[in-house]
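Letter by letter, the chains look like this.
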Amino acid sequence: MSERVRRILVRTLYTQPASLIIGALNGVASSGLVAFLSGEFWLYVTSAILCGIAVSRIISVRSYLSETRSYTTRAMELSYEKGALSYAAILGVIAAQTLLLDISAPLDVLMIANAMCYGVGICARNAGRPAIALGQLGLVVLPIFCVSLYLGSLPLLFLAVNMLLLLPAMASITLNVFKVLRDSISAAETSAELAEKMRVLARTDVVTGLANRAGLNQDVIEKLMHIEDGQMLALFWMDLDRFKEVNDLLGHPVGDRILLEVANRLNAVAPQHATISRFGGDEFIIFCEVADRKESERLASKVHAEIMRPMRIDGERLEIGASIGIALLPDDGGDADALMQNADLALYHAKVNGRRQSCFYDATMSRDLVRRREIEAELRYAIVKDELSIFFQPIIDLETGRIKTFEALVRWFHPEKGELKPDEFIPVAEETGVIVTLGNWITAHAAKAAAQWPDDVTLAVNLSPLQIKAPGATLGIINALREAGLDPSRLELEVTESLFLEDNGATEHFMKELSAIGVRFALDDFGTGYSSLGYIQKYPFSKIKVDRSFVSGPNVGKTTDAIIHAVAELGSKLEMDIVAEGLETIGQVRSVREAGCTLGQGFYFSRAVPDYLAAMLLAQEDGDMQKHAVG
């Protein structure tokens, strides 16, 4: 029997104190009446002792009921046992005295009936502690049994026999009741423990042992319910940078060990009463009380330093970065939903701004969110209603001056807001997944326009990594070419280096499948991201576009000229075209041509123009060539 079950059984002795008080007062009243009517001195003495014990028991029970937690189980049981056994013994003695003193038969019946009923009744009431219950019954019965044998009359001998038979019968009943009570309480305890374990499991992350989302929500609600005026709470929403790459490279078991190590480090630096949760995937949340904003900044710095400390897993030295979004209560929200939403917004800005940093929530972030959602809804509508336009910017052969390619650029002329720049809606399209639909729309419409151009003029279309990795990506390109009647060899798909950072095989499959039918690929913005010659070697690029920052940026100089020369020489060796972007002056054109670039693009030649103006540029160029031939 567990200590908790034992304590519950002992506490049953103290439950329903009214029955104990009624029984005690009944015994005192009966013995007092017998003493008064008989006039026997010793009955007065024993009745007075019984009254004193009864009062003492009533006071003791009330004391234990009011301060149960301050007493040990053993103290409670021992106190009750002393009072119960002494009361039963005196009550039995008084009943025996009435027989021994040979007072009137009604008084004998009154006391013997009172004593026997008390003994039988107490077995049921105190069955939770059978030793006490049976001890009381025995002490009540023993004096009457002995006096009955001593006096020796036939009725009293029968009474003695009845009492003798009563003991095993009541013992059996008491022990059965005790067993039922004990088993019921044990079963209830087991169920309660199981329920508690299930509750804990339901609120605990199995990998890290931290609170999961349900546990976090519960703790947040409880803390908010008990928050005091002037108290500040902070919610730190942390996301591990590029954890998916580590998970994919080293496997999920190693990834789980990294998450566990991060959890241990968060436990080490978080305040004592903070709630630490693995919210899901590689996201963690710390929710705690802080004195002010500066303390939040210090805690964020400690978390950053601890997480970015190198860890060693299976001999591998790993460095894990983290981005953190922070929202404060009451400054940034008055309830759990607002606080979490704003911390999530702050985290988003921390990641957008370059990762590995902390970002506090600001009201402008909510306005930006509303703006992005508005743009998303309107962009979806604009695609369906054909409100977008495709403009084309020429890419010029620096040797001949002729147009070699037109790059398709999307333009959005909103009926109410006017022209929206791509910088406003393209990031929103990528965040929300609309970029897949938008990219297919651009390819299809641009291909239809390009089909009207001369066969030697190609079309360049920018592709988002999300578009490439979407299901059926190649099918979307092939359908656009088929519907437009455009030869696949006249389509160039421009991709950036960021595409290859999270490569999962889909990129290679996409490029290989389209290359097989003649589609060509260009590496865009070369030199600005995670440039690697491995990309050029592995993937079927026919063109490299040198970013405009090397041509017309603020840091243009000897270093950038040397880079352009090196890239151009590389292109020459690999028989690739090198495109210089951002050409704005004749001097820049001459410079990149002398460096070895074969193609140029920029405002010096032309801005992006609608399809009809693109056709006019080609027609004008064709006319000039015919005049030159005639001349």
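Since the model is a prediction, treat every value here as computed from it, not as a measurement.

Draft legend 1. Representation of helix α10 (residues 252-269). Counted at 1.5 Å a residue, the expected span for α10 with its 18 residues is 26 Å, and the 26 Å between its end C-alpha atoms agrees. Considered for burial, the residues of α10 that qualify are Val-254, Gly-255, Ile-258, Leu-259, Val-262, Ala-263, Arg-265, Leu-266 and Val-269.

Draft legend 2. Inspection of the pattern of salt bridges at higher detail. Under the definition given, this model contains 22 salt bridges. Measuring nitrogen to oxygen at the nearest pair gives 3.6 Å for the salt bridge that ties Glu-621 to Arg-402. Within this pair, whereas Glu-621 is found in helix α22 (residues 611-630), its partner Arg-402 is found in the loop between β8 (388-397) and β9 (403-414), the two being separated by 219 residues in sequence. In this structure Glu-621 comes out as buried when scored by relative accessible area, which is 13%. The class for Arg-402 is partly exposed, based on a relative accessible area of 24%.

Draft legend 3. Molecular detail of the pairing of strand β2 (residues 275-280). For β2, the buried fraction is high: 5 of the 6 residues fall into the buried class. Of the strand pairs in this sheet, β2 and strand β3 (residues 283-290) are connected by 5 bridges, and their pairing is antiparallel. Considered in β3, the bridge of Ser-277 is made with Ile-285. Two successive antiparallel strands, β2 and β3, enclose a turn made up of 2 residues, where Gly-281 displays a positive phi of approximately 60 degrees.

Draft legend 4. Molecular detail of the nonpolar core. Formed by 70 residues in total, the largest nonpolar core has its most connected members in Phe-392, Leu-459, Leu-493 and Phe-510. Those residues in contact with Leu-493 that lie beyond four places of it in its chain are Val-461, Leu-463, Ile-477, Phe-510, Leu-514, Val-519, Arg-520, Phe-521 and Ala-522. In this structure, Leu-107, Ala-115, Cys-123 and Met-170 belong to the second largest nonpolar core, which totals 36 residues.

Draft legend 5. View of the packing of aromatic side chains. Under the counting rule described, the total for this entry stands at 11 aromatic pairs. Geometrically, the ring pair formed by Phe-391 and Phe-413 is tilted, given 6.0 Å between the ring centres and 40 degrees between the ring planes. Of this pair, Phe-391 sits in strand β8 while Phe-413 sits in strand β9, placing them 22 residues apart in sequence. Looking at Phe-391, the relative accessible area reads 15%, which means it is buried.

Draft legend 6. Examining the pairing of strand β6 (residues 322-329) more closely. Across the 8 residues of β6, 8 count as buried, placing the element largely inside the fold. Here β6 shows a buried face lined by Ala-322, Ile-324, Ile-326 and Leu-328 and a second buried face lined by Ser-323, Gly-325, Ala-327 and Leu-329. Direction of pairing for β6 relative to strand β7 (residues 358-360): parallel, over a ladder of 3 bridges. If you follow Ile-324 over to β7, its bridge partner there is Ser-358. Once the chain exits β6 it traverses helix α12 (residues 336-352) before rejoining the sheet at β7, and the crossover so formed is left-handed.

Draft legend 7. Representation of unusual backbone geometry within the structure. A cis geometry characterises the amide bond from Leu-329 onward to Pro-330, with omega recorded as 15 degrees. Among the secondary structure elements, Pro-330 is positioned in the loop between β6 and α12. Located in the positive-phi region is Asp-386, a residue other than glycine, with phi close to 60 degrees. Position of Asp-386 relative to the elements: it lies in the loop between α13 (363-384) and β8. Positive phi values are uncommon outside glycine, yet Glu-575 reaches one of about 55 degrees. Assessed through its relative accessible area of 75%, Glu-575 is described here as exposed.

Rules behind the numbers
- The numbering scheme is per chain: residues are counted from 1 as the chain's sequence reads.
- Only residues with pLDDT of at least 70 are given local features in this predicted model, and only at 80 or more are side-chain atom pairs given and counted; all residues enter the totals for whole chains, interfaces and linings.
- Each side-chain value is derived from all of the structure's non-hydrogen atoms; neither hydrogens nor water enter the calculation.
- Labels follow the DSSP assignment, with helices taken as runs of H or I lasting at least four residues and strands as runs of E lasting at least two, numbered in each case from the N terminus.
- Every helix has an expected span of 1.5 Å times one less than the residues it contains.
- Type-normalised accessible area, obtained with a 1.4 Å probe on protein chains alone, sets the label of each residue: buried when under 20%, exposed when over 50%, and partly exposed for intermediate values.
- Here, a salt bridge means any side-chain nitrogen of Lys or Arg that lies within 4 Å of a carboxyl oxygen of Asp or Glu.
- When DSSP finds at least two bridges between two strands, those strands are taken to pair.
- To qualify as a nonpolar core, a set must consist of buried Ala, Val, Leu, Ile, Met, Phe, Trp, Tyr and Cys residues joined through side-chain atoms within 4.5 Å.
- Contacts: residue pairs with any heavy atoms within 4.5 Å of one another.
- A pair of Phe, Tyr and Trp rings is counted when the ring centres sit within 6.5 Å of each other, with Trp represented by its six-membered ring. The angle between the planes then sorts it: under 30 degrees is stacked, over 60 is edge-to-face, the rest tilted.
- A crossover counts as right-handed when, viewed with the strands pointing away from the observer, the path leading from the first strand over the helix to the second turns clockwise.

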